[in-house]
Amino acid sequence: MSWQAEVEQAVTGLGYEMVEAERPTGGLLRVFIENPNGVPAITVDDCERVTRQLQYVLEVQQVDYQRLEVSSPGLDRPLKKAQDYERFLGERAEITFKTPVVVNSPDGKSAYKQKKFAGRLEAAPQGQDGWVLVLEAEEQKKTGKVGARKKAAVEEPAMALGFTLDEVREARLVPVVDFKGKKVHATPTTEAENAESALDEPEDKSFNDNGDRNR
């Protein structure tokens, strides 16, 4: 069994869901957890509980690591499984595809290739596999005088990209920011350590393998 499978088994055994487990650099092992369907929000106690269990499991399985961090996935939650896409239908997501997608210009006279797109996640039409990323209309500027103005806004028609899970290299939710109300949120998840206003600099509630809170 791989170390990822061992970690996921330990996390689910405690009643949580493992969103992602990664080993970036410098011996760090980082695990993101949440409660089923993201409710209730992950707390400091949840992170500490999972940290202690993982310390034991990793020692028994002789997994080599220098530092362990356990926390919630945050506002830009990664989308890893088919269930993630289904759960967040209607939300804005940023998706990077494995191969470039050919995008035609509105006038059809030119085209370009692009891998990363942001838009609204929707279900695929009935009878088709996967999902659809609806790219929101963008305003592009064109030069030339229009009355007393030198520039006029031209709305580009929305475009929908159909895709399946095996075509995706990376996908994340796009955080919803409301500066007027001083709130930052990524619905429908509720993140205790991140849903507090970013302007208020909330306390970091992830834990390392020593049981100490990261600063």
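Quick notes on the rules
- Residues numbered from 1 in each chain as written.
- Predicted model: local features only at pLDDT ≥ 70, side-chain atom pairs only at ≥ 80, totals over all residues.
- Heavy atoms only, no water.
- UniProt positions renumbered as here; feature names shortened; annotations may be inferred.
- Pairing = 2+ DSSP bridges.
- Helix = DSSP H or I, 4+ residues; strand = E, 2+ residues; numbered from the N terminus.
- Axes fitted to C-alpha atoms, helices over the stretch in contact; angles between N-to-C directions.
- Contact = heavy atoms within 4.5 Å.
- Buried < 20%, exposed > 50% of the residue type's maximum accessible area, 1.4 Å probe, protein only.
- Parallel < 35°, antiparallel > 145°, perpendicular 65-115°, else oblique.
- Left-handed = near helix turned anticlockwise from the far one by under 90°.
- Core = buried A, V, L, I, M, F, W, Y, C linked by side-chain atoms within 4.5 Å.
- Arc of directions from axis to C-beta.
- Polar contact = N/O pair within 3.5 Å; in protein donor to acceptor, adjacent residues only side chain to side chain.

- Taking an unreviewed UniProt entry as the reference, the protein is identified by name as Ribosome maturation factor RimP belonging to Saezia sanguinis.
- According to the UniProt record, the Sequence similarities (unreviewed entry) comment for the protein reads "Belongs to the RimP family."

**Here we look at the sheet that holds strand β9 (residues 159-163)**
Step number 1: Judged by pairing direction, the sheet is antiparallel, and its 5 strands sit side by side in the order β9-β6-β5-β4-β10 without closing on themselves. Unpaired on one side and paired on the other, β9 and β10 (168-173) mark the two borders of the sheet. If you compare each strand with its neighbour and ignore which way they point, the axes differ by 40° on average.

**A word on the sheet that holds strand β3 (residues 67-71)**
In sheet architecture, strand pairing relies on hydrogen bonds along the backbone and comes in two forms, parallel and antiparallel.
Step number 1: In spatial order, the strands read β1-β2-β3; together these 3 strands make up an open sheet with mixed pairing. Of all strands in the sheet, those with a lone pairing partner are β1 (17-22) and β3, marking the two edges. The average undirected angle you get between the axes of adjacent strands in this sheet is 20°.
Step number 2: Sheet topology note: the strand β2 (residues 28-34)/β3 ladder contains 5 bridges and is parallel. In the sheet register, R30 faces β3, and the bridge partner there is E69.
Step number 3: Running over the sheet, helix α1 (residues 3-13) touches β1 and β2 and is turned about 150° from β1.
Step number 4: Packed onto the sheet, helix α2 (residues 44-60) meets β2 and β3 and runs at close to 145° relative to β3.

**Digging into the pairing of strand β6 (residues 131-135)**
Step number 1: In terms of burial, β6 is a largely internal element, 5 of the 5 residues being buried.
Step number 2: Here β6 shows a buried face lined by W131, L133 and L135 and a second buried face lined by V132 and V134.
Step number 3: Judged from the 4 bridges that link them, strand β5 (residues 111-123) and β6 form a sheet pairing that is antiparallel. Looking at the pairing, R120 lines up with V134 of β6.
Step number 4: Two strands pair when backbone bridges link them, and β6 and β9 are joined in this way by 5 bridges, in the antiparallel orientation. Within the sheet, the bridge partner assigned to V132 lies in β9 and is G162.

**Points about the packing of α1 against α2**
Step number 1: Close contact between α1 and α2 brings their axes to 10 Å; oriented N to C, the two are set at 140°. As summarised for this structure, α1 and α2 are arranged oblique, according to the angle between their axes. Pair α1 / α2 crosses with right-handed handedness. Facing E6, V7, A10 and V11 of α1, the residues of α2 in contact are V50, Q53, L54, V57 and L58.

**A few points about the nonpolar core**
Step number 1: The biggest cluster of nonpolar side chains holds 21 residues, and the ones touching the most others in it are V7, V11, V31 and L54.
Step number 2: Secondary structure elements with two or more residues in this core: α1, β1, β2, α2 and β3.
Step number 3: Broken down by element, this core gets its largest block of residues, 5 residues, from α2.
Step number 4: Setting aside residues up to four positions removed in sequence, V7 forms contacts with M18, A21, V31, L54 and L58.

**Quick look at α1**
Step number 1: Every buried residue of α1 is listed here: W3, E6, V7, A10 and V11. One side of α1 holds all its buried residues, which, seen down the axis, span an arc of 130°.
Step number 2: Among the structural elements, β1, β2 and α2 are those in contact with the buried residues of α1.

**Digging into the side chain of E20**
Step number 1: You can see E20 is positioned in strand β1.
Step number 2: Exposure remark for E20: the relative accessible area of 11% places this residue in the buried category.
Step number 3: In this structure the side chain of E20 is engaged in a polar contact, spanning 3.2 Å, whose partner is the side chain of K80.
Step number 4: Sequence-distant contacts of E20, defined by excluding residues within four places in its chain, comprise R30, V31, F32, P78, K80 and R172.

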